[in-house]
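Residue-level structure breakdown
Listed below are the residues making up each chain.
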Amino acid sequence: MIASVRAAWFADRKRPAVWAVTVTWVAMALAFGVGVPYLVHLALAGDPKQAEDAASLLDAVLPGQLVPTGIALFPLFGGAIVVILGAVVVGNEYRWGTLNLIFTQRPRRAQVLAGHAVALCALTLLLVVLTFAALAVVTTLLALVEGRGLDWPPAGDLAGAVAAAWLICAAHASLGYLLAIAFRSTATAIAVGLVWTLVLENAISGLALVLSPLEVVQKLLLAPSSGALAGALGARSQFEGGTPGVIDSAGAGPPVAVLLAYVVLMFGLGTWLAARRDVG
Amino acid sequence: MTKRYPGGVTAVDGLTLRVPQGSVFGFLGPNGAGKTTTMRMLVGLVRPTSGRIRVLGQPPGTPNKLRRVGALIESPAFYPHLSGLDNLRLAARYAGAPDSAPSRVLAEVGLAERARSAFRTYSLGMKQRLGVAAALLKEPSLLILDEPTNGLDPAGVSEIRELLRSLGRRGRTVLLSSHVLAEVEQVCDRIAVLNRGRLVADGTADELRAALGGGQLLIAADPTDKALACLRDHRGVRAVEAVDGTLRVSTDPALAADLNRTLVEAGIDVRELRTVRHSLEEAFLELTSTTGSSG
């Protein structure tokens, strides 16, 4: 099993697509998490009537707000990007036919696939850490430029945010992983995954506002659970002028349970499917 | 074994095959005959719809047995962004092969100089060599190679053939599929011919040729018309025809001396008598045309 994980990590960390997705995401996170709010702050700063909004926007891009600012990015935007990552990592094995090579070596198929799942979880952790690290650097620079103090969040809160963001990413990556195996294709998996998370789940969430029976269903969905976890960690919901995808939540327990269930079920189902089907 | 795909296509139909240990076994058949599907079943990539397969005494795909099996199935499949060496390092990690194995097999297939180039920059022949190298990584007891000389230049073909022969001499079992009949004839101890998923012949190249009826004798004799009449009535002669003053006699070549004696005793001068053996190509076309090619 360890050999399979090492081999999958060796292959994954050298994939140009993995680094393209990671760099694209970190750039997006900096642009939408810090860059755009700071530019709006600069635009409003000269208007006394907008002074309160301008101050609020500046606070959001300083190190003290790293936890809510960072975690808010993951439910909608980060999740979608990581669905692509999961689909790319596994789907390309079908595209290139490399499963033929790997499955005729020594390990059992389930071990090979489990190795890919573990490597994918490690990649998502790396992506989350890089995101928070980049946000920390840029928010520090902005604090220095604005002459504000470096008021860091407690280490425990920061670790919790990284863990929550990683869980959100792992759950979305597991969806990409399952879809790539189910369709034996990268492109189809990405298309279906994005339609699922960005369109279908949002449509159900919208309907749940008017059809109360759908509220139960909504709590079991990937994107709303991710949004609820971000909300539980202090991110402002969309309805409060916060980031799209973030939902008010009473606690982190239920969304954490749902997301963990996604990780186990999607990776498990994908591994089972790939292990029992013909490779051709 | 039988493999039927969803949609009703039967790729392999009741095939029974035994590959002797230590032999170089050729697998012949037209496109769509079921060669690649059979090889996929032997390494566990595809499961048979029915039947029983044993590879080195175990069901195919068993980890401990895969350790002793090297395979190149269809076209070589590798990570395009990794170098040849890194691709083999990756395969070696999965296989549990020693760290020195990738460099060793790259040298063995003549790819050491381009070991650090990305796979996507390789020519078709180089990709094929890398596929053979990957199959050799585990120093396998059984090698399953699907068209290993595809895309190779003549020198490369010769090198791979010599490699296969040397593997056979070292007691390795090699199952080789190829479209190149001369290659199979030169390298293989035994040959199985598949057509439309069924085994239509199995034996040595000589046995396959003999299955066509043993061949022909070419006889130049004077007077030709008298020799023609004499041979027609001879026991063991299936057919005689005169072509450009030469008689083509369809018979068992072992009867050559007997026919010569008969002609001489009849007062006929025999100027030339020689055996024309069927080529393996003729045997192959004959064997696969009886049930037609599925393309």
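Residues numbered from 1 in each chain as written. Chains lettered and ligands numbered in written order. Predicted model: local features only at pLDDT ≥ 70, side-chain atom pairs only at ≥ 80, totals over all residues. Heavy atoms only, no water.

**Considerations on the overall build of chain B**
The criterion, for reference: In this text, helices come from DSSP runs of H or I with a minimum length of four residues, and strands from runs of E with a minimum of two, each type numbered from the N-terminal end. With the radius of gyration taken over C-alpha atoms, the globule rule is written as 2.2 Å times the number of residues to the power 0.38. Residue exposure (1.4 Å probe, protein chains only): buried if accessible area is under 20% of the type maximum, exposed if over 50%, otherwise partly exposed. Here, two residues are considered to be in contact whenever any of their heavy atoms come within 4.5 Å of each other. With residues, only the protein chains shown are counted as cover, and all accessible areas are computed by Shrake-Rupley using a 1.4 Å probe.
Secondary structure assignment for chain B yields 11 helices and 12 strands. In terms of C-alpha radius of gyration, chain B reaches 24 Å, well past the compact-globule figure of 19 Å for 295 residues. Its C-alpha atoms give chain B principal-axis dimensions of roughly 75 × 45 × 30 Å. Within chain B, the fraction of its 295 residues that count as buried is 52%. Taking the contacts inside chain B whose residues are at least 6 apart along the sequence as the reference set, 67% of them involve residues at least 24 apart. Accessible area for chain B stands at about 13200 Å²; split by element, carbon and sulfur atoms hold 46% of it.

**Let's talk about the interface of chain A and chain B**
Cut-off, in case you're wondering: The quantity reported as buried area is the accessible area (1.4 Å probe) lost by two parts once they are put together, taken as the sum for both. Salt bridges, as used here, are contacts in which a Lys or Arg side-chain nitrogen is within 4 Å of a carboxyl oxygen on Asp or Glu. N or O atoms closer than or at 3.5 Å make up a polar contact, with two conditions inside protein: a donor-capable atom paired with an acceptor-capable one, and, for residues adjacent in sequence, both atoms drawn from side chains.
If you look at the interface, chain A gives 33 residues, while chain B gives 27 residues. Of the roughly 2800 Å² buried between chain A and chain B, counting both surfaces, carbon and sulfur atoms make up 59%. Ranking the residues of chain A by area buried against chain B places Phe10, Gln105 and Arg106 of chain A at the top, with a combined share of 26%. Summed over the shared surface of chain A and chain B, the number is two salt bridges. One salt bridge in this structure joins Lys14 of chain A and Asp86 of chain B, with 3.0 Å as the shortest N-O distance. For the interface between chain A and chain B, the tally reads 13 residue pairs in polar contact (both at pLDDT 80 or more).

**Considerations on the packing of aromatic side chains**
So the rule is basically this: Centres within 6.5 Å are what make two rings of Phe, Tyr or Trp a pair, Trp counting through its six-membered ring; a difference in plane orientation under 30 degrees is then read as stacked, over 60 as edge-to-face, and the rest as tilted. For a Lys NZ or an Arg CZ to count as sitting over a ring, it must be within 6 Å of the ring centre and within 35 degrees of the ring normal.
The tally for this structure, following the rule as stated, stands at seven aromatic pairs over all chains. For the pair Trp96 of chain A and Tyr79 of chain B, a centre-to-centre distance of 5.8 Å together with 75° between the ring planes defines the contact as edge-to-face. Highlighted residues: Trp96 of chain A in helix α5 (residues 74-96) and Tyr79 of chain B in the loop between β4 (69-72) and α3 (84-95), drawn from two different chains. Overall, Tyr79 of chain B belongs to the buried group, its relative accessible area being 0%. Across the ring face of Phe119 of chain B, the terminal group of Lys127 of chain B is positioned such that the distance to the ring centre comes to 5.3 Å.

**As for the nonpolar core**
This is how the line gets drawn: We call a set of buried Ala, Val, Leu, Ile, Met, Phe, Trp, Tyr and Cys residues a nonpolar core when their side-chain atoms join them within 4.5 Å.
The biggest cluster of nonpolar side chains holds 103 residues, and the ones touching the most others in it are Phe74 of chain A together with Ile144 of chain B. Counting residues per element, this core draws most heavily on helix α8 (residues 155-183) of chain A, at 16 residues. In terms of nonpolar packing, the next biggest core, distinct from the first, is built from 50 residues, Val24, Ala97, Val105 and Ala115 of chain B among them.

**Focus: the confidence of the model for chain A**
For residues with low pLDDT, the predicted coordinates do not support detailed interpretation. Note the cut-off: Scored between 0 and 100, pLDDT is the confidence that the predictor attaches to each residue.
Overall, the predicted model of chain A reaches an average pLDDT of 89, with 100% of residues at or above 70. Within chain A, no element has a lower average pLDDT than helix α3 (residues 51-60) of chain A, which sits at 81, and none a higher one than α8 of chain A, at 95.

**Regarding the UniProt feature "transmembrane region" (unreviewed entry) in chain A**
All names here are of chain A. Using the following cut-off: UniProt positions are given in the numbering used here, feature names are shortened, and annotations may be inferred rather than shown by experiment.
The feature "transmembrane region" (unreviewed entry), as annotated in UniProt, sits at residues 16-40, 71-91, 112-138, 158-180, 187-211 and 256-275 in this numbering. Overall, residues 112-138 shows 100% helix and 0% strand. The separation of its end C-alpha atoms is 39 Å. Between the end C-alpha atoms of residues 256-275 the distance is 28 Å, and the span holds 100% helix and 0% strand.

**A word on the domain arrangement of chain B**
The following threshold applies: Residue ranges assigned to the domains are those given by an automatic or database domain assignment.
Assigned domains within chain B: domain 1 (3-209) and domain 2 (213-277). Here the C-alpha centre of domain 2 of chain B lies 45 Å away from the C-alpha centre of domain 1 of chain B.

**A closer look at unusual backbone geometry**
Residue and element names in this part refer to chain B. For the bond from Asp222 to Pro223, the omega torsion is -10°, close enough to zero to count as cis. Tracing the sequence through the fold places Pro223 in the loop between β9 (216-222) and α9 (224-232). The backbone of Glu147 shows a phi angle near 50°, a positive value even though the residue is not glycine. Mapped onto the elements, Glu147 comes out in the loop between β5 (142-146) and α6 (154-169). For Glu147, a relative accessible area of 11% puts it in the buried group. Here Arg196, not a glycine, exhibits a phi torsion of approximately 50°, which is positive.

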